[in-house]
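Structural features, examined
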Amino acid sequence: IHAGFGLHRFKRELTGPEYAELDVEMLSGQSVDVFTGMTALEIKSEADKKIVVASSHEGVSVFESGAIILAMGCRERNRGNLGIPGARPAGIMTAGLAQRLLNIEGYLPGRKAVIIGSGDIGLIMARRLSWTGAQVMAVVEILPYPSGLARNVAQCLEDFGIPLFLGYTVSSINGKDRVESVDISPFRDGAPDLSRSFRIDCDTVLISAGLVPENEISIKAGVKISNATNGPYVDSSMMTNISGIFACGNVLHVHDLVDFVSEESIRCGQAAADYLAGKYNSVEASVAAGSNIKYVSPSKYSTSGKQKFYLRSLAPFNKVELSVKTKDTVILAKKINHVRPSEMIDFELDPSLLQGVGGGLPDITVSLKEIQA
């Protein structure tokens, strides 16, 4: 229910439901069949691609298609993914579940909360709980810098006086029937320093430790997955390693703004339409992540026109130079201030920049280099 959506795409600030409603309105005038309340179970990626779906109203059905776009989004990491030791009392949940309980179901998740991780959903829930009269005792982040957007750290924590422990971890959750406290320890040399632990009393623990692309159905279909993003590898047309299967949005790589998800989905939809019309360009070269970069998406480029790429840095920097180069030639360079892993970077590549570079269509590498003051 919070605002902050649509500033890039619609040039105005919207809530999540308002943003979604604009897409629903745009879709309503199109000749597109929409099936809701269905769960995709399996993709059969033969020549005529089939999607097996299940519905409480229709039972099991099969859709046949010439192309498939994977847009399943992502899910939250939970306690099992993090391996937090301690008891298993009530009151432990993901920040997204707490958001649903409070905003949609009308239930207060707890009175005194500790939030594990400084992802954007957790930061927003810190503010939301404070608005309802609950007390957020602390946000605990294992990294030495916040995982969420800087504006959310300022608006959701600093404005409410909520302490943020950077470089710390929850080393134990305590309680029998309901959470009673957590032990917090500095994270040093890859492990919690239990000798410097301290305890915070609370009745609720929210986990906001990042998002994971929802790719189980992709993997079963044979789609190749990147270890860096946990999403599919895609070429310049957003197509995976399986011909006719495309991917976009948070199932491809986790975005920080929904505006970028929508922007990427529009390009992906156009690429799928071009593929069905026989316009697919298969002459491509690789785009690799160089120094100080976690990943670059898409992982290929072509000469068909300007292309947009997204990337994330491995660490925070105040001043860096982004460079795109072939083996021996820098073809694009630009300076950027205040790079953060939580904030996605984008750039456009014009294939005309490669004119005069020998060796056909060369592979390129994208890097970040810190600029010394």
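Residues numbered from 1 in each chain as written. Predicted model: local features only at pLDDT ≥ 70, side-chain atom pairs only at ≥ 80, totals over all residues. Heavy atoms only, no water.

1. A word on the packing of helix α4 (residues 120-132) against helix α5 (residues 150-157)
What describes two packed helices is the angle between their axes and the distance between those same axes. Basically, it comes down to this: Each axis is a line fitted through C-alpha atoms, taken for helices only over the stretch in contact, and angles between the N-to-C directions span 0 to 180 degrees. Helix and strand assignments come from DSSP, with helices taken as H or I runs of at least 4 residues and strands as E runs of at least 2, each series counted from the N terminus. We call two directions roughly parallel when the angle between them is under 35 degrees, roughly antiparallel when it is over 145, roughly perpendicular when it lies between 65 and 115, and oblique otherwise. By convention, the crossing between two helices is left-handed when the near helix turns anticlockwise from the far helix through less than a right angle, and right-handed when the turn is clockwise. We call two residues contacting when some pair of their heavy atoms lies within 4.5 Å. When residues are grouped by polarity, Ala, Val, Leu, Ile, Met, Phe, Trp, Tyr, Cys and Pro land in nonpolar, Asp, Glu, Lys and Arg in charged, and all others, Gly among them, in polar.
At a minimum axis distance of 8 Å, the contact between α4 and α5 shows a crossing angle of 20°. As summarised for this structure, α4 and α5 are arranged roughly parallel, according to the angle between their axes. Between α4 and α5 lies a crossing of left-handed hand. On α5, the residues touching D120, L123, I124, A126 and R127 of α4 are N152, V153, Q155, C156 and L157. Of the residues assigned to the contact of α4 with α5, the class counts are six nonpolar, two polar and two charged.

2. Regarding helix α7 (residues 258-276)
As a reminder of what qualifies: How far a helix is expected to stretch is found by multiplying one less than its residue total by 1.5 Å. Exposure categories follow from relative accessible area, calculated using a 1.4 Å probe and restricted to protein chains: below 20% of the type maximum is buried, above 50% is exposed, and the middle band is partly exposed.
Taking 1.5 Å of rise per residue, 19 residues should cover 27 Å, and α7 covers 27 Å from first to last C-alpha, within 8% of that figure. Of the residues making up α7, those classed as buried are D259, F260, S262, E264, C268, A271 and A272. Where α7 is buried, its residues touch β1 (3-5), α1 (16-28), β6 (68-70), β18 (245-247), β22 (307-313) and β25 (345-349). G278 sits one or two positions beyond α7 and adopts a positive phi of about 80°.

3. Focus: the packing of helix α3 (residues 95-105) against α4
In contact at an axis separation of 9 Å, α3 and α4 are set at 35° when each is read in the N-to-C sense. Taken as a pair, α3 and α4 cross one another with a handedness that is left-handed. Side by side, α3 and α4 meet where A95, G96, A98, Q99, L102 and N103 of the first sit next to I121, G122, I124, M125, R128, L129 and T132 of the second. Of the residues that constitute the contact of α3 with α4, the class distribution is seven nonpolar, five polar and one charged.

4. Overview of the side chain of E141
How we decide: Distance and chemistry together define a polar contact, namely a pair of N or O atoms within 3.5 Å, with one atom able to donate a hydrogen and the other to accept it when in protein, and with adjacent residues in sequence counting only for side-chain atoms on both sides.
Note on placement: E141 falls in strand β10 (residues 135-141). At 2.9 Å, the side chain of E141 and the side chain of S147 are in polar contact. If we skip the residues at most four places from it in the chain, E141 touches G117, S118, S147, L164, F165, L166, G167 and Y168.

5. Re the sheet that holds strand β5 (residues 59-65)
Let me state the cut-off plainly: Note on pairing: DSSP must find at least two bridges between two strands before they are called paired.
Overall, antiparallel pairing links the three strands, which are arranged β3-β4-β5 in an open sheet. Both edges of this open sheet fall to β3 (38-44) and β5, since each of them pairs with a single strand only. Direction aside, neighbouring strands of the sheet carry axes that sit 25° apart on average. Relative to strand β4 (residues 49-55), β3 runs antiparallel, the two sharing six bridges. Paired with K44 across the bridge in β4 is K50.

6. Some details on the sheet that holds β10
An order of β8-β16-β9-β10-β11 is seen for the five strands of this open sheet, with the pairing classed as parallel. What marks the edges here is a single partner per strand, and that holds for β8 (92-94) and β11 (164-166). Taken pair by pair, the neighbouring strands of this sheet meet at an average axis angle of 20°, ignoring direction. Bridge count for β8 against strand β16 (residues 204-207) is three bridges, and the pairing is parallel. Pairing of M93 across the sheet is with L206, part of β16. Packed on one face of the sheet, α3 meets β8 and β16 and runs near 90° to β8.

7. Section: unusual backbone geometry
Cis peptide bonds are those with omega within 30 degrees of zero, and the linkage from S297 to P298 qualifies with 0°. Along the chain, P298 falls in the loop between β20 (293-297) and β21 (300-302). One non-glycine residue with positive phi stands out, namely D189, at about 55°. Tracing the backbone shows D189 in the loop between β13 (179-188) and β14 (191-192). You can call D189 exposed: its relative accessible area is 84%. Even without a glycine there, the phi angle at N230 is positive, about 65°. Of note, N230 is situated in the loop between α6 (216-220) and β18. We classify N230 as partly exposed; its relative accessible area is 32%.

8. Considering the side chain of D183
Inspection of the secondary structure puts D183 in strand β13. Using a relative accessible area of 15% as the deciding quantity, one classes D183 as buried. Dropping the residues within four chain positions of it, D183 is found in contact with T169, V170, S171, S172, N174, F198 and R199.

9. Some points on a negative patch on the surface
Put simply, the rule reads: Residues enter patches when they are more than 30% accessible in relative terms and free of salt bridges; like-charged ones are connected within 9 Å and nonpolar ones (Val, Leu, Ile, Met, Phe, Trp, Tyr) within 5 Å. Note on areas: these come from Shrake-Rupley sampling with a 1.4 Å probe, and a residue is covered only by the protein chains present in the view. Basic side-chain nitrogens of Lys or Arg form a salt bridge, by our definition, when they fall within 4 Å of a carboxyl oxygen of Asp or Glu. We score Asp and Glu as negative and Lys and Arg as positive, and we do not count His or the chain ends. Positions of charges follow a simple convention, taking NZ of Lys, CZ of Arg, CG of Asp or CD of Glu.
Taken together, the side chains of E42, E46, D48 and E64 define an acidic patch exposed on the protein surface. In this fold, E46 is placed in the loop between β3 and β4.

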